[in-house]
Each structure stands twice: as C-alpha cells, then as structure tokens.
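Residue-level listing of the chains:
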Amino acid sequence: MNVHGTVAEGFEPVRDAFARNFTSLGERGAAVAVYRDGRKVVDLWGGTRDVDDASSTEPWRRGTAQVVRSATKGVAAAVPLLLHRRGELDLDAPVGEYWPEFKAHGKERVLVRHVLNHRAGLPVLDRPLTPEEALDPRRGPAAVAAQAPVWEPGTDHGYHALTYGWLLDELVRRVSGGRGAGQWIADEIAGPLGLDLWVGLPAAEEAAGRAGRVGCLDDPEPSGSGNGPRLRPKRAVTEAYENPGSLTRRAFAAITPFPDQNDPEYRAAALPAANGIATADGLARFYAALIGEVDGVTRDVRLFDRATMELARAEESAGPDRILVVGTRFGLGYMLHGSASPFLGPGSFGHPGRGGSLGFADPETGIALGYVTNGFRKTVTADPRAQALVRAVRASLDRDPS
C-alpha cells in the first residue's frame, strides 16, 4: 500500500497507523491531516478515490473530498456560536422567539441551547420525510416545527441524528435574513480560510469530480491478537438499532429511505447534520481555526475567541443517551471526549461521522485532526481506523519533549 504525503519529524507513528489501516482494517481510500498550533504536521492520503473502484484505476489524490456524514455537525455548530458572539443569537432564548411556527405542540420552552446540546426532545419525526422532501430546505424545518417532543425539552438528552440539521439551519435562516447554514459556512468560514469543505457542494466542484464515491464496507475479521477493534456492541445497543419502534431506529430513519449519498442532487443540498463534503485538510484546518490562528486567504484567521471556545466545550449533556444507548457527552454542538467517542484528551471537542470520519480539536496540545474515508463501517461514534490515528497522534506527542 502506497501512502502519499508528508509528516513532520516526530509524527511518524501517524504514518505507520495510517498504513496499517489499509493492511489490517480494510481501509479502501482515506486521508488524514493534523495541525499543531496552526501548522500542518501531517498530510497523508492513500488508496482509491471511489470505494467501489476495485480495479484501483482512480487513485485518491491530495484534493479528494468525501461525504463526512455527522462530522458535518461540528462544522455547522460554529455558525450559531459565531452568531451568538456577534450578539445576533441568544442561546438562552426560546427557539420560537426567532421561529414562531416552531412553538406548536408544547415547544414554547425549547431553547436555542437545547438544539445544540441535544436536549430539545425532537430526535424523531412521526412521519419520516422522503428523500425528495428532505432535500427541500423548507420541508425538514416544517416537519420539525409540526412535531411534538418525545420527552420534556431540557430534561434529558438524546442524539438528534438528522433533525439537528433542520433545527440549526432554520434558526440560522431566521437570524441571517434567509441565508442558510451551508451558505453561511461558505461565506464566512470556508471562504476566508480557503477550506475544501462544503455543506452543499457547488456545481463547479461536482463537475470537477472533487468528491469520491462513498459506500459501506464489511467489518474486517478480528485478528485474534486482542489488539484489534471491538466489533461487538452491547446487547442493548444492538436491540435498539434492530427494533423499528425504538427511538434509536426512528431517529436515524427520519429520512426514509435514506438518499443515495453519491447522487449529485444529494451532495448539492445543504443538510447540516449529515452531508458535508470535505478533504481531511479542510476538516483539520477548520478545527485548527477554532483554537488558534491559521493562515487564511488574505490574513491569519481565528474563528473562535477564547470565550466562545470554552462555551463550545463546556459540558451541557452527559450520561445515558436516549438515542445512542451509551453514555455520551455534549457541549454546544460538539461531542466531548469520553468513552463513546474518545478524542485526544479531556478538553478535546469535535464530532465523528457515522461509520468513519472524524474532526476534533484539543486546545491543551494545540492539535486539530481531520480524517475522511470513502468506506463506512457499522460504527457510530468511535471508528477503529480513526481511533488508531488518534492513538498515534498521542504517541507522537508523548515522544516529543517539547
């Protein structure tokens, strides 16, 4: 397996782990980038651009981008937090103050904060949307506005797998005069930083073939060494995903059937919970700009000031998750380091994508990481390939006397 790219001195363990993902964990095509204190120290890619390219005729290149699924949520979460910093969005105001139609069915007390910390009680839709409806920017928010909460808002937390995107997007539209989260990200985050990152892939990028084809992969056979990934979830988790009436199944089935993620119409739509498209560098660079300055297109850029960064990673929800059925921790829009989704350390914050991708920042070490893949596993929050890379970054820092 040929691994392309570079690593700075001391970060060789990341190259080794990335290569082992191909030889031992069935990786088909992927990339990883790591920044430290705003400087890129890892930039690696390998394999094929398309997951179903068995003949390997089209290699993964430096600028190959992929759908990152729920890693999109971490990017989208920056928008309301930046609007809050500007004084345009009050995190403790009722959502209905900005979006009057949302108040229906006892949702008057749902706060903006509850949208970001997964405490709104709205992870499911009684009538799932069709793919065509889901791609219409008006239908998803209308469906959530008409939905009754499944628990008292603010009293418990559960992962809003798909509804998170419609809630966030409509709030941004109401505050920004009709500009949705995807356009906001393009104008004020990706543009100034020069990121290869989109929530709504532009037609020119689609025509240029920037995004590879993604798909699901079978889990690799256990190695028998005891060092391989844990592939057997707890019985309660398995039952929750298998039971059509469970909140878990219903949350992930809010769009039924789920759209073809390689369809240009799907990639062109803006679903801030699920369909961001990014390179590994775009994802890592975004997180680097949340915790420090990064060289931008015309000037150095830092997205979060210290107060906003602390707001993002302050624990808002913790404990058994009513959707994921494991213990999760959330700040405002970001997953926090924990057993369900281990990052680099206790102060890390970010977001995984179901089945593979990962982006996070660790302010204490100055590390920001982005990992993208074209092969999705059955994992939800802690993919073994991403975790191998996180461990390798940790090992590199442990070796560095500075």
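Here, the structure is the one placed above.
All figures in this text were calculated on a predicted structure; none of them were measured in a lab. Counting from 1, residues in each chain are numbered in the order their sequence is written. With the structure being a predicted model, the display of local features is reserved for residues of pLDDT at least 70 and the display and counting of side-chain atom pairs for 80 or more, all residues being used for whole-chain, interface and lining totals. Side-chain descriptors were evaluated using all non-hydrogen atoms of the structure, hydrogens and water having been removed beforehand.

### Comments concerning the overall build of the chain
Note the threshold: Working definition: helices are DSSP H or I runs of at least four residues, strands are E runs of at least two. Numbering for both runs from the N terminus. Radius of gyration here is computed from C-alpha atoms only, and the compact-globule reference equals 2.2 Å multiplied by the residue count raised to the power 0.38. For this analysis, residues touch if any pair of their heavy atoms sits within 4.5 Å.
Of regular secondary structure, the chain possesses 15 helices and 16 strands. Taking 21 Å as the expected radius of gyration for a compact globule of 402 residues, we find that the chain reaches 20 Å, a close match to that expectation. Expressed as lengths along the three principal axes of its C-alpha atoms, the size of the chain is roughly 55 × 50 × 40 Å. Nonlocal contacts in the chain, meaning residues at least 24 apart in sequence, comprise 67% of its contacts between residues at least 6 apart.

### Details of the nonpolar core
This is how it is decided: What is meant by a nonpolar core is a set of buried Ala, Val, Leu, Ile, Met, Phe, Trp, Tyr and Cys residues, joined one to another through side-chain atoms within 4.5 Å. Burial classes follow relative accessibility: with a 1.4 Å probe on protein chains only, a residue under 20% of its type's maximum area counts as buried, one over 50% as exposed, and anything between as partly exposed.
In this structure, Trp-166, Ile-189, Phe-286, Phe-304 and Tyr-334 are the most contacted members of the largest nonpolar core, which totals 80 residues. Ala-17, Trp-151, Ile-323 and Phe-330 belong to the second-largest nonpolar core, a separate cluster that totals 40 residues.

### With respect to the sheet that holds strand S7 (residues 277-278)
Stated formally: Strand pairing is assigned whenever DSSP detects at least two bridges linking the two strands.
Read across the sheet, 3 strands follow the order S4-S7-S5 without closing on themselves; strand pairing throughout is antiparallel. This sheet does not close on itself; its edge strands, each paired only once, are strand S4 (66-67) and strand S5 (197-198).

### Examining the environment of Thr-248
For Thr-248, the position within the fold is in helix H11 (residues 247-252). Each C-alpha atom of the pair Thr-248 and Gly-158 lies 9.1 Å from the other, and the pair is 90 residues apart in sequence. Apart from the residues lying within four places of it in its own chain, the contact partners of Thr-248 are Ala-240, Tyr-241, Arg-322, Ile-323 and Val-325.

### Considerations on the side chain of Arg-119
Quick note on the threshold: Charge counting follows a simple rule: Lys and Arg are positive, Asp and Glu are negative, and His as well as the terminal groups are ignored. Basic side-chain nitrogens of Lys or Arg form a salt bridge, by our definition, when they fall within 4 Å of a carboxyl oxygen of Asp or Glu.
Tracing the backbone shows Arg-119 in the loop between helix H4 (112-116) and helix H5 (131-134). Summary of buried charges: Arg-119 has no salt-bridge partner, and the nearest side chain of opposite charge, Asp-156, is 5.3 Å away. Leave out the neighbours within four places in its chain, and Arg-119 touches His-114, Trp-151, Pro-153, Gly-154, Thr-155, Asp-156, His-157, His-160, Glu-316 and Ser-317.

### Digging into unusual backbone geometry
With the exception of glycine, the majority of residues adopt a negative phi angle, and the majority of peptide bonds are in the trans configuration. Cis peptide bonds are those with omega within 30 degrees of zero, and the linkage from Thr-256 to Pro-257 qualifies with -10°. Within the fold, Pro-257 resides in the loop between H11 and helix H12 (264-268). Positive phi outside glycine occurs at His-105, with the angle close to 60°. Inspection of the secondary structure assignment puts His-105 in the loop between helix H3 (95-98) and H4. Residue class for His-105 comes out exposed when judged on its relative accessible area of 52%. A positive phi angle, close to 65°, is found at Val-325, a residue other than glycine. With respect to the secondary-structure elements, Val-325 resides in the loop between strand S10 (317-320) and strand S11 (327-330).

### Digging into the pairing of strand S15 (residues 367-373)
Moving residue by residue along a regular strand, the side chains alternate between the two faces of the sheet. Counting buried positions along S15 yields 7 of 7 residues, so the element is predominantly enclosed. Summarising the sheet, strand S2 (residues 29-36) and S15 pair through 7 bridges and their orientation is antiparallel. Along S15, the bridge assignment pairs Tyr-35 with Ala-368. As paired strands, strand S14 (residues 358-362) and S15 are joined by 5 bridges and run antiparallel to one another.

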